[in-house]
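Structure at a glance
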Amino acid sequence: RNSPVKRQGGYFIWVEFPSGVNSDDFLSYSMKHFGVKFMSGGRCDPFPLTKGDTSGISIRSCARLCIADLDRDELVDATAAFLEAFRSYMDQ
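One structure accompanies this document, and this report is about it. (Residues numbered from 1 in each chain as written. Predicted model: local features only at pLDDT ≥ 70, side-chain atom pairs only at ≥ 80, totals over all residues. Heavy atoms only, no water.)

On inspection of all chains with the given rule, the structure shows 1 salt bridge. Its salt-bridge partner being D45, residue R60 comes within 3.2 Å of it at the nearest N-O pair. Of this pair, R60 sits in the loop between strand 2 (39–40) and strand 3 (62–66) while D45 sits in the loop between strand 2 and strand 3, and the two are 15 residues apart along the sequence. You'll find R60 and D45 in the same group, each marked buried. (Salt bridge = Lys/Arg side-chain N within 4 Å of Asp/Glu carboxyl O. Helix = DSSP H or I, 4+ residues; strand = E, 2+ residues; numbered from the N terminus. Buried < 20%, exposed > 50% of the residue type's maximum accessible area, 1.4 Å probe, protein only.)

Printed below as a string of structure tokens:
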């Protein structure tokens, strides 16, 4: 995506799912069926939703992936597992 901030790397990758994907639901599914863990976007929201508030909906369609302690081979395997879990989740 176009971003006003130039990305320069770090320990985390921010993933935006298609609209309507609830990252909490996907997290539960991916852990149960694939053992894949990540931080759901809602847990990264400094302003939790209150009843009737829709301002934080989009962050709930995101995930934060930590890559701090993985070597190259582990990153490749983790990426493949994450993608397999997501494809399976979308196909259900």
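The 3 strands lie next to each other as 1-3-2, forming an open sheet whose pairing is antiparallel. The open sheet has two edge strands with one neighbour each: strand 1 (12–16) and strand 2. Strand direction decides the pairing type here: strand 1 and strand 3, joined by 5 bridges, are antiparallel. Within strand 3, the position partnered with I13 by the bridge is L65. (Pairing = 2+ DSSP bridges.)

Right, let's get into the environment of F38. Summarising the element assignment, F38 is placed in the loop between helix 1 (23–34) and strand 2. Classification of F38 as buried rests on a relative accessible area of 10%. Taking C-alpha positions, F38 is 6.8 Å from L27, a pair spaced 11 residues apart along the chain. Not counting residues up to four positions away in its chain, the partners in contact with F38 are S23, F26, L27, S30, A63, R64, L65 and F82. (Contact = heavy atoms within 4.5 Å.)

This paragraph deals with helix 2 (residues 72–91). Over its 20 residues, helix 2 extends 29 Å from the first C-alpha to the last, a length consistent with the 28 Å expected when each residue adds 1.5 Å. Where helix 2 is concerned, the buried positions are F82, A85, F86 and Y89. Buried residues of helix 2, seen end-on, are gathered within an arc of 95° and therefore sit on one face of the element. For helix 2, the exposed residues lying more than 90 degrees away from the buried face are R72, D73, D77, R87 and D91. Lining the buried residues of helix 2 we find helix 1 and strand 3. Two or three places before D73, at the opening of helix 2, D71 has a side-chain oxygen 3.2 Å from that residue's backbone nitrogen. (Expected span 1.5 Å × (residues − 1). Arc of directions from axis to C-beta. Polar contact = N/O pair within 3.5 Å; in protein donor to acceptor, adjacent residues only side chain to side chain.)

What follows covers the pairing of strand 3. Inspection of the sheet shows strand 2 paired to strand 3 by 2 bridges, in the antiparallel sense. Of the residues in strand 3, the one forming a bridge with S40 is A63.

Next up on the list: the side chain of S30. Mapping S30 onto the fold places it in helix 1. In this structure the side chain of S30 is engaged in a polar contact, spanning 3.1 Å, whose partner is the backbone oxygen of L27. When near neighbours in sequence (up to four residues on either side) are disregarded, S30 contacts G35, V36, F38 and A85.

Just geometry here; none of it tells us what the structure is for.
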